[in-house]
Amino acid sequence: MSDGVPSVERVSGTGIYVRGNDIDTDQIIPARFMKVVTFDGLGEFAFFDQRFEDDDTETDHPFNDGRFQDASVLVVNGNFGCGSSREHAPQALLRWGIDAVVGESFAEIFAGNCLALGIPTVTADQASITALQKRIDDSPDTTITVDVAAETVSYGDETIDAAVDAAQRTALVDGIWDTTALMRSNEAAIEETAAELPYL
Amino acid sequence: MSERTLYDTVWDRHHVTTLPNGQDQLFVGLHLIHEVTSPQAFGMLRERDIDVARPELTHATVDHIVPTADQSRPLSDDAAEEMMSELERNVRASGIQLDDPTSGNQGIVHVIGPEQGLTQPGMTIVCGDSHTSTHGAFGALAFGIGTSQIRDVLATQTIAMEKQKVRKIEVTGELGPHVGAKDVILTIIRELGTDGGVGYVYEYAGEAIEALDMEGRMSICNMSIEGGARAGYINPDETTYEWLRETEAFDGAPDEFEALKPYWESIRSDDDAVYDDVVEIDGDAIEPAVTWGTTPGQVVGISEPIPDPAELAPEKRDTARAAQEHMRVEPGETMAGYEIDVAFLGSCTNARLSDLRRAARIVDGQSVAPSVRAMVVPGSQRVKAAAEREGLDERFEAAGFEWREAGCSMCLGMNEDQLSGEQASASSSNRNFVGRQGSPDGRTVLMSPRMVAAAAITGEITDVRTLPEVSVA
Ligand code: SF4
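From a predicted model like this one, the values you see are computed outputs, not experimental measurements. (Residues numbered from 1 in each chain as written. Chains lettered and ligands numbered in written order. Predicted model: local features only at pLDDT ≥ 70, side-chain atom pairs only at ≥ 80, totals over all residues. Heavy atoms only, no water.)

K.L.:
Any chance you could explain the overall build of chain B here in plain terms?
P.N.:
Regarding its fold elements, chain B presents 15 helices and 19 strands. Relative to a compact globule of 473 residues, whose C-alpha radius of gyration would be 23 Å, chain B shows 21 Å and is just as compact. If you line up chain B on its principal axes, its C-alpha atoms span 55 × 55 × 45 Å. Relative to its full complement of 473 residues, chain B shows a buried share of 68%. Contacts in chain B between residues far apart in sequence, at least 24 positions, make up 75% of those at least 6 positions apart. (Helix = DSSP H or I, 4+ residues; strand = E, 2+ residues; numbered from the N terminus. Rg over C-alpha atoms; globule rule 2.2 N^0.38 Å. Buried < 20%, exposed > 50% of the residue type's maximum accessible area, 1.4 Å probe, protein only. Contact = heavy atoms within 4.5 Å.)

K.L.:
What is the right way to read the overall build of chain A from this model?
P.N.:
In terms of regular secondary structure, chain A is built from eight helices and seven strands. A compact globule built from 200 residues would reach a C-alpha radius of gyration of about 16 Å, and chain A, at 18 Å, matches this within 12%. Principal axes of the C-alpha set define a box for chain A whose edges measure 60 × 45 × 30 Å. Relative to its full complement of 200 residues, chain A shows a buried share of 60%. Within chain A, counting contacts between residues at least 6 apart in sequence, those at least 24 apart form 68% of the total. If you sum the accessible surface of chain A, you get close to 7,700 Å²; carbon and sulfur atoms cover 45% of it. (Areas by Shrake-Rupley, 256 points an atom, 1.4 Å probe, with all protein chains shown as cover.)

K.L.:
Please explain the interface of chain B and chain A as it appears in this structure.
P.N.:
When the parts come together, some accessible area is lost, and that loss is often what is quoted as the size of the interface. Of the residues lining the interface, 70 residues belong to chain B; the matching set on chain A comes to 49 residues. Surface buried jointly by chain B and chain A totals about 5,000 Å² across both partners, of which 57% is contributed by carbon and sulfur atoms. Broken down residue by residue, the surface that chain B buries against chain A is led by B:N21, B:Q40 and B:F433, which jointly contribute 11%. Linking chain B to chain A there are five salt bridges. With a shortest N-O distance of 2.6 Å, B:R48 and A:D178 are connected by a salt bridge. Our count for the chain B to chain A interface comes out at 23 residue pairs in polar contact (both at pLDDT 80 or more). Residue contributions to the side of chain B that touches chain A peak at seven residues, all from helix α5 (residues 147–156) of chain B. (Buried area = accessible area lost by both parts, 1.4 Å probe. Salt bridge = Lys/Arg side-chain N within 4 Å of Asp/Glu carboxyl O. Polar contact = N/O pair within 3.5 Å; in protein donor to acceptor, adjacent residues only side chain to side chain.)

K.L.:
Even after reading the chapter, I still don't get unusual backbone geometry, so can you show me in this structure?
P.N.:
With the exception of glycine, most residues fall at negative phi, and the peptide bonds are largely trans. Cis geometry is adopted by the peptide bond preceding B:P74, which originates at B:R73 and carries an omega value of -10°. By secondary structure assignment, the location of B:P74 is in the loop between β4 (58–61) and α3 (78–94). Notably, A:D22 is not glycine yet its phi reads approximately 55°, a positive angle. In this fold, A:D22 is placed in the loop between β1 (10–18) and α1 (25–28). Residue class for A:D22 comes out buried when judged on its relative accessible area of 15%. Positive phi, close to 55°, is recorded for A:N79, a residue that is not glycine. For A:N79, the position within the fold is in the loop between β2 (73–76) and α3 (88–96).

K.L.:
So what exactly am I meant to see when it comes to the sheet that holds strand β2 (residues 24–27) of chain B here?
P.N.:
Backbone-to-backbone hydrogen bonds pair the strands of a sheet. The strands run either parallel or antiparallel. Residues and elements named next belong to chain B. In space, the three strands of this open sheet follow the order β1-β2-β8, with antiparallel pairing throughout. The two strands at the open ends of the sheet, each matched to only one other strand, are β1 (15–18) and β8 (158–161). Between one strand and the next, the sheet's axes are offset by a mean angle of 25°, whatever the strand orientation. Relative to β2, β1 runs antiparallel, the two being bridged by three bridges. Note on β2: the bridge partner recorded for T17 is Q25. (Pairing = 2+ DSSP bridges. Axes fitted to C-alpha atoms, helices over the stretch in contact; angles between N-to-C directions.)

K.L.:
What should I look at first to understand the sheet that holds strand β11 (residues 231–233) of chain B in this one?
P.N.:
Residue and element names in this part refer to chain B. Spatially, β11-β10-β9-β12 is the arrangement adopted by the four strands of the open sheet, whose pairing is parallel. Here the strands that pair on one side only, and so sit at the sheet edges, are β11 and β12 (277–282). Within this sheet the neighbouring strands show an average axis-to-axis angle of 20°, counted without direction. Strand direction decides the pairing type here: strand β10 (residues 200–205) and β11, joined by three bridges, are parallel.

K.L.:
Explain the confidence of the model for chain B to me, please; I cannot follow it from the model alone.
P.N.:
Low pLDDT means the predicted coordinates in that region are not meant to be read closely. Here chain B shows a mean pLDDT of 96. Residues at 70 or above account for 99%. The complex prediction reports pTM at 0.95, with the ipTM value standing at 0.93. (pLDDT = per-residue confidence, 0-100.)

K.L.:
Help me understand the packing of aromatic side chains in this model?
P.N.:
The geometry of an aromatic ring pair is captured by two quantities: the separation of the ring centres and the angle between the planes. What the rule picks out here adds up to 20 aromatic pairs over all chains. When the ring of A:F47 is compared with that of A:F63, the centres are 4.8 Å apart and the planes differ by 55°; the resulting orientation is tilted. A residue pair is termed long-range when its members are at least 10 positions apart, and A:F47 in the loop between α1 and α2 (48–51) and A:F63 in the loop between α2 and β2 qualify at 16 residues. Look at A:F63 and you get buried, because its relative accessible area is 2%. Among the aromatic residues, those joined into a cluster by ring pairs are A:F33, A:F45, A:F48 and A:F52. The lysine or arginine in question, A:R19, covers the ring of A:Y17, its NZ or CZ lying 4.5 Å from the ring centre. Here B:R167 stacks its cationic end above the ring of B:Y200, 4.0 Å away from the centre of that ring. (Phe/Tyr/Trp six-rings, centres within 6.5 Å; stacked < 30°, edge-to-face > 60°. Lys NZ or Arg CZ within 6 Å of the ring centre and 35° of its normal.)

K.L.:
Explain the nonpolar core here, please?
P.N.:
Burial of nonpolar side chains together is a common tendency in soluble globular proteins. If you look at the biggest cluster of nonpolar residues, it comprises 152 residues, and the most contacted ones within it are B:Y204, B:M335 and B:F396. It is helix α15 (residues 449–458) of chain B that contributes the most residues to this core, seven residues altogether. Aside from chain neighbours lying at most four places away, what touches B:Y204 is B:I169, B:I185, B:I188, B:I209, B:I220, B:C221, B:S224, B:G232, B:Y233 and B:I234. In terms of nonpolar packing, the next biggest core, distinct from the first, is built from 61 residues, A:F68, A:A111, A:A124 and A:I160 among them. (Core = buried A, V, L, I, M, F, W, Y, C linked by side-chain atoms within 4.5 Å.)

K.L.:
It is not clear to me how the environment of B:P114 should be interpreted in this structure. Could you clarify?
P.N.:
Residue and element names in this part refer to chain B. Along the chain, P114 turns up in helix α4 (residues 109–115). Note: C-alpha distance between P114 and L244 (130 residues apart in sequence) is 8.3 Å. Filtering out sequence-adjacent residues up to four positions away, P114 remains in contact with T119, H135, F138, M218, W243 and T247.

If you want it as structure tokens, here you go:
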């Protein structure tokens, strides 16, 4: 049934943070980098306008910081990923190396797009997020484990409660987050529903 | 949980089954695609050797990358040409209809669906574009999706979704002179926040909403996503049906119209529907609204002071400070008098015929300020043609506006229409994010078409009601 889709029970790796509320998809990947017909190579443009000044000098954005270049767990604040539906945003993060995002809250389409790529978006309270971001800054080598099944995020001796949307959790843990094959198998039910719609 | 709302009814009618992950599989009545978010989805289908299941229910246009001046092929921008050719290849191979610029029907995806009568009450509508919420103005259940979901829709004509809560937003009273739909939605987002709608679908209701024309209703539903709600809708009524009657879907097919009307009536939220939340907004108190910051929730009425970040809720302070620095505005001042370099009248929020008519009335007999570049980008080729038939182009051009071809244009700066450097723009579009209009240092102030027209004339943000030539009566 799962069509070779891997289960994502937990993600472990070092962390990186992007601080601030309402980080929108235009910041994650500016529109001018979307003039492409594949997602390949989008990773290098993640947060591009935050990472470079007009004269191309690097800013001190965490995505430029040498300490975080191998990170796979991104820690963010509130309403992360608001704005457009562009899947280019999670694709850019994934291709940069991000496998899980922990935040205070996420915009819905962004979280849905992440799920379609097998990237968990888990939420925790503000104090826990702030502490985790500080920890990453203080000791970038800390391994962070996002446990989707147990709904926790742990690092060092700390374990914080995290929330994972129920459907997302099942989809990730059971390896059914790629919905195409799953839904194709319901052809008869699709036909039935369509046949009842007066406008078709 | 909500009960007997339009959302519940339309959801149930399209419900195929419940998936093992707990999500519902919903049938999609209309799928719209454009050149930016669809190519990768077609690529994924090819990789898996899957055909498009129901090409007749998908409709394509080009809007984001099309130039609004010279549209001759090949397009002068190679990347844009590649995207357009790729879309053409994909639709040809799968038998999907494309409204390209040679068709006379091309335009922004959220303008062409409604104007061709593709968008109808009680449908489920999806598109790889967050402003798909626009179509909710007709009482459709319409939401933006990502590229992997586009793949799902192409492959199965269905989508996996979780049901949301429903919040009814009741706008009471009557809007004042020169106050319109855009001012209402900016005020709503200001009140409820840019993330207030996360987990919700918005039902807009109340006298002030019912009094709006379809264009105004589309402006409101369009910006649901700016308030964090993936979908927003308005129950269909006589205004909706009047619009539909004149589209080619029903013009000349009165029987079909009459056959469908009972369905449209049946999906309206019941009088005793149950909502998860109800919010009331006083329509009489709304004044022309403008943004002062870099999110669509950072809004003030034109006569109100820009807030002091220190007085905002703690979690909003940092964002507000950064926004004020970027925009170079001071707390305590009003936005009136803020100098602009560009006036942009366009986008899927506000580039329909009645938007242009309202703005034209403001510019009649006036001249664009010498320091301002003012442009009108009609939402579609049909809007453009209709506007030209009634001479709107001449009225705008006489005032010094550029009159351009249809497309997304400076709403997101994917073609050559972009802000440069620190230019400030009075814009009728929906997003003022940093960098949105093409320049990382550019400054965007969102407002209604009438307010854009007023700013173009005076060269600064101006309460349209105070222009001496504008009758407030
Ligand atoms: S006009 Fe702007 S918001 Fe609307 S579809 Fe085009 S880019 Fe998106």
